[in-house]
Structures are given as C-alpha cells and as structure tokens.
Amino acid sequence: MNGISLFYIAFAYVAVAIFIIGFLARVWKYAKTPSPLNITLTPGPTSTTGVVYRMVQEVGFFKSLFYSNRIIWLGGYIMHLGLALVLIKHFRFFFTPAPASLAWITTFEAYAGFIFLAPLLFLFALRLITDRTYYISLITDYGILALLMLIAATGILTKYYVRTDIIDVKAFVMGIVSFSPAAMPMDFIFILHFTLVMLLLIYFPFSKLMHAGGIFFSPTRNQADDPREVRHVTPWAVKG
Ligand code: HEM
C-alpha cells in the first residue's frame, strides 16, 4: 500500500473520531444546560405527546421556517431532501452486501447530487442578494455552504464525468469500516471528494451544523406549554 493510502486511512480514523467525540460532547453539553424557566414558543402543545408531534413537524417539515420565510424554507427543505437522498445512496459503500431495503434505491437515477447542489447555490445567492440576510451573514455561513457545494460538485464530477472505480471505492471504505485497510483509489477528483468530506466531519461538531442535534434540546420547542397546569419552580428557588 502506498503512502497516500496510509495517510488517508489514518486521516479517516482521526476525522471520524473527532466527529463522534465532538458530536457527543456537544450533545452532552446541551443536555446538561439548565432550562429552569418555561419558555415554550406559544401557542404550544400542553402535553408530552403534543411536544413529540411538534418536534416531528419541526424536524420533518421545518414548520417554523415555513411560516417565517417561504423562500428560505423552499431552498433549505429541498437541500435537506437532496442530502438525505445522497446519503441513502451512499449506504451501498458501507455495507457488504447492501441490505435490500437500501439496495433498491440505487437501482434508479434520482439526480440526488443536483437536487442537493442547486438549492445550495440558491441559498448562497440569497445570502448575497437579500440585504437583511447579507447583513447578518458571517464568513462561516458562506464557508459551510461553499464546503457542501464543493463536496456536491466533486461527487457529481466523480459520478458523471471523471468516473472512478466504484468497486475500488467500496473496498477502500469497507477496509476502513472493518479495520482491515485497503488501498485508496488513485483518482484525483475522488480523493478531493473524500478529503472535503473528512474536513466536513472534523468541522461539524464546532459549527452551526450541530443544529442537527441541537434542535432536540431547544427549550422553546421541546417544552410543554403548561404553566397554567403545572407550577414551575427552579431548583434554587426552593427554600431549604
Ligand atoms: C466516506 C464518505 C464518502 C465517500 C467514500 C463518497 C464517495 C462518493 C462516490 C464514489 C461518488 C460517485 C457515486 C457514483 O458513481 O455512483 C459520490 C458521489 C456523490 N457524493 Fe459522496 N462520498 C462520501 C461522502 C459524501 C457526503 C458526506 C456527501 C454530502 C455531504 C457526499 C456527496 C456526494 C454527492 C452530492 C455525489 C453526487 C452523486 C449523486 O447524485 O449521488 N458524499 N461520492
């Protein structure tokens, strides 16, 4: 095995470790942060079942965003659908044999890469052309969109224009997953795609992409609107 393969195998393990530990550490921090006051966004559900239903609507349909900004909702929702499709189609690299429940999705062309890339371009442009959004946009907002666009672009190039050997890719990925490393396919665009994905994994826990885990800990969404039914007393307000 050559030095490039060895480097990328080590890089992959480091990146995945940073991602998993970083992600869990952030989630742990969210879970430990006190939220003693009832600050539900009203009108809100009054029961736990209602809170679950509200979270399903938020996570599955981005309901609050839908009611606050339809244009950003459209871009964001299609982008996340495209991402989900892309990731489901990638599952075949990680399983041997690919489970039938996942294999069927790779049997047809869904243009997932384009469904992911087009709204990313749209969201990037929106930040530049809408005054209010331009004003509050940070360099990291553009940076994450740019990173995702580069991942999508190199993926699309690998799939349609500068083909790599999928069998070699699968052997390489399975080698990492099963701790019996195999050589990296020596195709420049694929190597670029893989490098950018590893950088994304490393950056993820430190970035706003943590909204993927943080949404579940958002007190305005995960609390029941029940201050008329239940008396809420902060632990430190209780007289000893
Ligand atoms: C270890 C992780 C990954 C590996 C080994 C990998 C590898 C590949 C390969 C080999 C292709 C070409 C597919 C084909 O010819 O059918 C591809 C396409 C693509 N990849 Fe990845 N990828 C990884 C992670 C990701 C991630 C995390 C994203 C998104 C954030 C992504 C986005 C894409 C996109 C958009 C395409 C275009 C093809 C499509 O429409 O499905 N990849 N990737």
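Before any of the text, the structure's been laid out above.
What you see is a predicted model, and the numbers here were worked out from it, not measured in a lab. Think of each chain on its own: its residues are numbered from 1, step by step along the sequence as written. Given that the model is predicted, a residue must reach a pLDDT of at least 70 before its local features are reported, and side-chain atom pairs must reach 80 or more before they are shown or counted; all residues, however, enter totals for whole chains, interfaces and linings. Note: side-chain values were computed over all heavy atoms of the structure, leaving out hydrogens and water.

Undergrad: Looking at this structure, I do not really get the side chain of Glu58. What am I missing?
TA: Note on conventions: DSSP H or I runs of at least 4 residues are helices, E runs of at least 2 residues are strands, and numbering of each starts at the N terminus. With respect to the element layout, Glu58 can be found in helix H2 (residues 48–61). The cut-offs for exposure are 20% and 50% of the maximum accessible area for each residue type, with area from a 1.4 Å probe on protein chains only; residues under the lower value are buried, those over the upper are exposed, and the others partly exposed. The class of Glu58 is buried, set by a relative accessible area of 11%. Contacts between residues were defined by any pair of non-hydrogen atoms, one from each residue, lying within 4.5 Å. Excluding residues that lie within four positions of it along the chain, Glu58 makes contacts with Lys63, Ser64 and Arg221.

Undergrad: I keep staring at the packing of helix H4 (residues 70–90) against helix H6 (residues 112–129) and nothing clicks. Help me out?
TA: Axis lines are fitted to C-alpha atoms, over the contacting stretch for helices. Their N-to-C directions set the angle, which ranges from 0 to 180 degrees. Two elements in contact, H4 and H6, have axes separated by 8 Å at closest approach and are oriented at 150°. When the axes of H4 and H6 are compared, the pair comes out roughly antiparallel. In this structure, H4 crosses over H6, and the sense of that crossing is left-handed. Contact residues: H4 offers Ile71, Ile72, Gly75, Gly76, Ile78, Met79, Gly82, Leu83, Leu85, Val86 and Lys89, while H6 offers Ala112, Gly113, Ile115, Phe116, Pro119, Leu120, Phe122, Leu123 and Leu126. Of the residues assigned to the contact of H4 with H6, the class counts are 15 nonpolar, four polar and one charged. Our angle categories are set so that under 35 degrees counts as roughly parallel, over 145 as roughly antiparallel, 65 to 115 as roughly perpendicular, and the remainder as oblique. Note: crossing handedness is left-handed where the near helix turns anticlockwise from the far helix by less than a right angle, and right-handed where it turns clockwise. Basically, the charged four are Asp, Glu, Lys and Arg, the nonpolar ten are Ala, Val, Leu, Ile, Met, Phe, Trp, Tyr, Cys and Pro, and anything else, Gly included, counts as polar.

Undergrad: Quick question: what am I supposed to make of the side chain of Ser5 here?
TA: Among the secondary structure elements, Ser5 is positioned in helix H1 (residues 3–32). Assessed through its relative accessible area of 0%, Ser5 is described here as buried. Polar contacts involving the side chain of Ser5 include one to the main-chain amide nitrogen of Met184, which spans 2.9 Å. Setting aside anything within four residues of it in sequence, one finds Ser5 in contact with Ala183, Met184 and Met186. Each polar contact in these results corresponds to two N or O atoms within 3.5 Å; when the atoms are within protein, one needs to be able to donate a hydrogen and the other to accept it, and residues that are neighboring in sequence are counted only if both atoms are side-chain atoms.

Undergrad: Could you clarify how one ought to interpret the coordination of the iron atom of the ligand in this entry?
TA: Octahedral metal centres with six donors ideally show angles of 90 or 180 degrees, and tetrahedral centres with four donors ideally show 109.5 degrees. Only nitrogen, oxygen and sulfur atoms qualify as donors, and only when within 2.8 Å of the metal (3.2 Å in the case of Na, K and Ca); with water excluded, sites may look incomplete. The coordination sphere of the iron atom of the ligand, as far as protein atoms go, consists of His90 (NE2) and His193 (NE2), spread over 2.0 to 2.1 Å. For the iron atom of the ligand, the six donor atoms in the first shell make angles of 87 to 179° at the metal, a pattern classed as octahedral. Taken together, the residues His90 in helix H4 and His193 in helix H10 (residues 188–203) connect sequence positions 103 residues apart. Geometry is assigned from donor-metal-donor angles: four donors are tetrahedral when every angle falls between 85 and 135 degrees, four are square planar and six octahedral when opposite donors sit over 155 degrees apart with all other angles between 65 and 115, and any other arrangement is irregular.

Undergrad: Help me understand the layout of surface pockets in this model?
TA: To find the voids left in a structure, one rolls a probe of water-molecule size over its atoms. Detection works on a 1 Å grid of protein atoms alone, calling trapped sets that fit a 1.4 Å probe cavities and calling open sets with protein on both sides within 12 Å along at least five of seven lines pockets, with lining residues defined by an atom within 4 Å of a point. Grid points are joined across faces, edges and corners, and a volume is the space filled by probe spheres set on the points. Size it by volume and the second largest pocket reaches roughly 210 Å³. Residue lining of the second largest pocket: Leu41, Thr42, Pro43, Pro45, Gly50, Tyr53, Arg54, Gln57, Glu58, Lys63, Ser64 and Tyr67, and that is the complete set. Among the secondary structure elements, those contributing two or more residues to the lining of the second largest pocket are H2 and helix H3 (63–68). When residues in the lining of the second largest pocket are grouped by element, the largest group, five residues, is from H2. A class-by-class count of the residues in the lining of the second largest pocket yields five nonpolar, four polar and three charged.

Undergrad: Would you mind going over the packing of aromatic side chains with me for this structure?
TA: The relative placement of two aromatic rings is captured by the distance of their centres and the angle of their planes. Stacked, tilted and edge-to-face are the three classes assigned to paired rings of Phe, Tyr and Trp, where Trp is represented by its six-membered ring and a pair needs centres within 6.5 Å; plane angles under 30 degrees give stacked, over 60 edge-to-face, the rest tilted. Going through the model one piece at a time under the given rule, you end up with 21 aromatic pairs. For the ring pair Phe66 and Trp73, a centre distance of 5.0 Å and an interplane angle of 80° mean the geometry is edge-to-face. A ring pair is formed by Tyr160 and Tyr161, whose centres lie 6.2 Å apart and whose planes are at 55°; its orientation type is tilted. On the basis of relative accessible area, Tyr161 is assigned to the exposed category, the value being 59%. For Arg70, the ring lying beneath its charged end belongs to Phe66, and the centroid distance is 3.9 Å. The aromatic ring of Phe108 is capped on one face by Lys89, whose charged end is 5.6 Å from the ring centroid. For a ring to carry a charge above it, either NZ of a lysine or CZ of an arginine must fall within 6 Å of the ring centroid while also lying within 35 degrees of the normal to the ring plane.

Undergrad: Would you take a moment to explain H1 for this structure?
TA: Helical geometry note: an α-helix holds 3.6 residues per turn, so side chains three or four residues apart project in the same direction. A rise of 1.5 Å per residue sets the reference length of H1, with its 30 residues, at 44 Å; its end C-alpha atoms lie 43 Å apart and thus fit the reference within 8%. The elements touched by buried residues of H1 are helix H9 (166–177) and H10. To estimate how far a helix should reach, multiply one less than its number of residues by 1.5 Å.

Undergrad: I keep staring at the site of the ligand and nothing clicks. Help me out?
TA: When at least one non-hydrogen atom of a residue lies within 4 Å of a molecule or strand, that residue is treated as near it. Around the ligand, the surrounding shell holds 23 residues, and the nearest of these are His90, Arg92, Gly113, Arg163 and His193. Here a nitrogen atom of the ligand sits 2.8 Å away from a polar atom, N or O, in the side chain of His90. One of the side-chain N or O atoms of His193 is found 2.9 Å from a nitrogen atom in the ligand. In terms of residue count, helix H8 (residues 139–161) provides more of the shell around the ligand than any other element does, five residues in total. Its residues placed into classes, the shell around the ligand shows 16 nonpolar, four polar and three charged.

Undergrad: I tried to follow the nonpolar core on my own but got confused; where do I start?
TA: Generally speaking, nonpolar side chains in soluble globular proteins are found buried as a group. Core analysis: the biggest nonpolar cluster contains 20 residues, and Phe116, Leu120, Leu148 and Leu200 have the highest contact counts within it. Secondary structure elements with two or more residues in this core: H4, H6, H8 and H10. Note on terminology: a nonpolar core comprises buried Ala, Val, Leu, Ile, Met, Phe, Trp, Tyr and Cys residues joined through side-chain atoms within 4.5 Å.

Undergrad: What should I look at first to understand the environment of Gly44 in this one?
TA: One can find Gly44 in the loop between H1 and H2. Owing to a relative accessible area of 21%, Gly44 belongs among the partly exposed residues under this scheme. Separated by 182 residues in the primary sequence, Gly44 and Asp226 place their C-alpha atoms 8.7 Å from one another.

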